[in-house]
Amino acid sequence: MVVTASALSEAFLQQFQTRHAPDCFRAPGRVNLIGEHTDYNQGLVLPIALEMACYVAVASASHGKLRVYSSNLKQTREWPAAKIGSALPEHDWGDYVAGVAQELARSGYEIAPCDLYIRSEVPEGAGLSSSASLEVATALALLGHRSMDKLELAKLCQRAESRFVGMPCGIMDQYASVFGKEGAAIQIDCRNLEYRAVRLPPEVRIVAVNSMVKHELGSSAYRERVAECNEAVAAIRKANSAVESLRDVTPECFKQVQNSIPSTPRKRARHIITENERVSKFSAAATAVDLAEMGRLFLASHRSMQHDYEISCEELDFLVETAVSLKGIEGARMTGGGFGGCTVNLVRPDAVECFRKKIISAYEERFRITPLFYECTPAPGAGALL
Ligand code: ADP
Ligand code: MG
């Protein structure tokens, strides 16, 4: 489904019974190929922006409110526009909108009364970043004709999610939604916030498989992992005060200091440090069209999340094991925060259909759940719809 500006405008006008013609904006979801939980450790990640996106239409209004309708949820939320700076979180989806508006207001952008209409193609809570795409599309809609530096935009949306929504996330999701490149993955260095495009060989397709489960553990475990990584850094700093984040720790350095780190933070650190290496190696393998190496790194990344970072679950492990046992599948791993959501798979073009059928039947037999498939083509980052 591709939502055009005219379809969005029509839906907007029906919803709000207004004569104002809305402006329309698009911000994509993303799938992360490799580099999981490394972003908040100042490390490397390699996402692609998706064709699936969140669309927001906006028009000014005279009711004094910031009013928003989600056509996915068929719900409305509203706040007095002039008082958005003092809005408090209500622990539901409206927080993503209010959080962005509040950060804009804090940065000196006045939030004028308006109506927002949201329609998203990004599945919610599946690890494809429906939240960041909602934040970025909302920010663009509220900015309207005012411009903002792209990096500032990504950082502002990240602040909205960490401060207002209360999820201490890294920068990857918002960055990928803003800077996504058509036809390429982007390797982001979350320390200096620069990126480079990495072309993917046409000999493999990127297929995300939605496990359709989301275990409740997710958000509390995320906070726990952030804290455990900080604990590892604190232990390492006792021996080497130059270390500010796990990004500063090389594999050699880790070998020397690992015994001084308590066992759980040590495992978390080992995942982050080896994962950063895998991202660099994966980008090199993609450029060299070394499919076997790309696949090996995918599986090694999954194993590291299974055993060291401990964020996988039975369903994701099953999807990965089944995928890598099939012909034409070069690699598979879980992607996103963990405890459910999607796996990402490197699939030979002529094996895609067979992969789909075999995964569906195996997963249905094992869990009585039908998984969903998304063929992922790297799409451009966020912007206005014409
Ligand atoms: P992910 O970003 O991986 O999809 P998150 O848990 O970070 O998962 O964000 C999902 C949340 O984002 C939803 O529970 C909802 O609050 C909000 N959200 C996403 N898309 C929409 C939408 N179209 N309308 C309203 N809220 C949405
Ligand atoms: Mg999210």
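Residues numbered from 1 in each chain as written. Chains lettered and ligands numbered in written order. Predicted model: local features only at pLDDT ≥ 70, side-chain atom pairs only at ≥ 80, totals over all residues. Heavy atoms only, no water.

Visitor: Just give me the short version of the overall build of the protein chain, but keep the residues and values in it.
Guide: The helix and strand tally for the protein chain stands at 11 helices and 13 strands. Taking 386 residues into account, the globule formula puts the C-alpha radius of gyration at 21 Å, and the protein chain, at 21 Å, falls close to it. Viewed in the frame of its principal axes, the protein chain has a C-alpha envelope of about 60 × 50 × 35 Å. Within the protein chain, buried positions represent 57% of all 386 residues. Pairs at least 24 apart in sequence give 71% of the contacts found in the protein chain among residues at least 6 apart. Accessible surface, the protein chain: about 16300 Å² in total, of which carbon and sulfur atoms supply 49%. Positive and negative charge centroids in the protein chain, built from 43 and 46 side chains respectively, lie 1 Å apart. (Helix = DSSP H or I, 4+ residues; strand = E, 2+ residues; numbered from the N terminus. Rg over C-alpha atoms; globule rule 2.2 N^0.38 Å. Buried < 20%, exposed > 50% of the residue type's maximum accessible area, 1.4 Å probe, protein only. Contact = heavy atoms within 4.5 Å. Areas by Shrake-Rupley, 256 points an atom, 1.4 Å probe, with all protein chains shown as cover. Lys, Arg positive; Asp, Glu negative; His and termini not counted. Charge placed at Lys NZ, Arg CZ, Asp CG, Glu CD.)

Visitor: Which residues make up unusual backbone geometry, and what values go with them?
Guide: With the exception of glycine, most residues fall at negative phi, and the peptide bonds are largely trans. Positioned with a positive phi, Ser129 is a non-glycine residue whose angle comes to about 70 degrees. Note on placement: Ser129 falls in the loop between strand E6 (114-120) and helix H3 (130-143). Among the residues examined, Ser129 registers a relative accessible area of 7% and is labelled buried. Notably, Arg368 is not glycine yet its phi reads approximately 60 degrees, a positive angle. Residue position: Arg368 is located in the loop between helix H11 (352-367) and strand E12 (372-376). The exposed category is assigned to Arg368, whose relative accessible area is 69%.

Visitor: If you had to explain the nonpolar core to someone new, which residues and values would you point to?
Guide: One finds Leu66, Leu116 and Leu153 to be the most contacted residues of the largest nonpolar core, which totals 45 residues. Considering each element in turn, this core owes the most residues, eight residues, to H3. Not counting chain neighbours up to four residues away, the residues in contact with Leu66 comprise Arg77, Glu78, Trp79, Ala81, Ile84, Val97, Ala101, Ile111, Cys114, Leu116 and Leu142. (Core = buried A, V, L, I, M, F, W, Y, C linked by side-chain atoms within 4.5 Å.)

Visitor: How would you sum up the layout of surface pockets? Please name residues and give values.
Guide: Volume-wise, the largest pocket comes out at about 1300 Å³. Forming the boundary of the largest pocket are 46 residues, of which Tyr96, Gly125, Ser131, Glu161 and Lys214 lie nearest the centre. Only helix H2 (94-106), E6, H3, helix H4 (150-165), helix H5 (172-179), helix H6 (218-239) and strand E11 (340-347) provide two or more residues apiece to the lining of the largest pocket. It is H6 that contributes the most residues to the lining of the largest pocket, four residues altogether. (1 Å grid on protein atoms, 1.4 Å probe; cavity = no way out; pocket = protein on both sides within 12 Å on 5 of 7 lines; lining within 4 Å. Points joined across faces, edges and corners; volume = space filled by probe spheres on them.)

Visitor: Talk me through the pairing of strand E1 (residues 23-32); I want residue IDs and the actual numbers.
Guide: Summarising burial for E1: nine of the 10 residues are buried, a large majority. When E1 meets strand E3 (residues 47-60), the two strands line up antiparallel, connected through nine bridges. Bridge pairing links Val31 to Ile48 in E3. Bridging between E1 and strand E13 (residues 383-384) involves two bridges; their strand directions are antiparallel. Paired with Phe25 across the strands is Ala384, a residue of E13. (Pairing = 2+ DSSP bridges.)

Visitor: Break down the site of ligand 1 for me, citing the residues and quoting the values.
Guide: In the region of ligand 1, 18 residues are neighbours, and Ser70, Asn72, Gly125, Ser130 and Ser131 sit closest. Ser130 places a polar side-chain atom, nitrogen or oxygen, 2.6 Å from an oxygen atom of ligand 1. Here Lys214 contributes a side-chain N or O atom positioned 3.3 Å from an oxygen atom of ligand 1. Protein burial of ligand 1: of its 570 Å² of free accessible surface, 83% is covered by the chains. Placement of ligand 1 is best described as lying within the largest pocket. Examining the composition of the shell around ligand 1, we find that three residues originate from one element, H3, more than from any other. (Near = heavy atom within 4 Å. Polar contact = N/O pair within 3.5 Å; in protein donor to acceptor, adjacent residues only side chain to side chain. Sits in = over half its atoms within 2 Å of the grid points.)

Visitor: How would you summarise the packing of helix H9 (residues 291-307) against helix H10 (residues 314-324) if you had to cite specific residues and measurements?
Guide: Two elements in contact, H9 and H10, have axes whose closest approach is 12 Å; the angle formed by their N-to-C orientations is 155 degrees. As far as their axial angle goes, H10 and H9 are roughly antiparallel. Handedness of the crossing formed by H9 with H10: left-handed. Along the contact surface, H9 presents Leu299, His302, Arg303 and Gln306, while H10 presents Leu316, Asp317, Val320, Glu321 and Val324. Here the residues of the contact of H9 with H10 are counted per class, giving four nonpolar, two polar and three charged. (Axes fitted to C-alpha atoms, helices over the stretch in contact; angles between N-to-C directions. Parallel < 35°, antiparallel > 145°, perpendicular 65-115°, else oblique. Left-handed = near helix turned anticlockwise from the far one by under 90°. Nonpolar A, V, L, I, M, F, W, Y, C, P; charged D, E, K, R; others polar.)

Visitor: An account of the sheet that holds strand E9 (residues 205-214) is requested, with residue identities and associated values reported.
Guide: Spatially, the four strands line up as an open sheet ordered E10-E11-E9-E12, and their pairing is antiparallel. Where the open sheet ends on each side, the last strands, each with one partner, are strand E10 (329-335) and E12. Taking each pair of neighbouring strands and ignoring which way they run, the sheet shows an average axis angle of 25 degrees. Bridge count between E10 and E11: six bridges; the pairing is antiparallel. Paired with Arg333 across the bridge in E11 is Val344.

Visitor: If you had to explain H11 to someone new, which residues and values would you point to?
Guide: Given a rise of 1.5 Å per residue, 16 residues ought to cover 22 Å, and the 22 Å separating the end C-alpha atoms of H11 matches this to within 8%. Every buried residue of H11 is listed here: Val352, Phe355, Ile359, Ile360, Tyr363 and Phe367. In a view along the axis of H11, the buried residues occupy a sector of 125 degrees, so they form one face of it. Turned more than 90 degrees off the buried face of H11, the exposed positions are Lys357 and Glu365. Residues of H11 that are buried sit in contact with E9, H10, E10, E11 and E12. Immediately beyond the C-terminal end of H11, within one or two residues, lies Arg368, with a positive phi of roughly 60 degrees. (Expected span 1.5 Å × (residues − 1). Arc of directions from axis to C-beta.)

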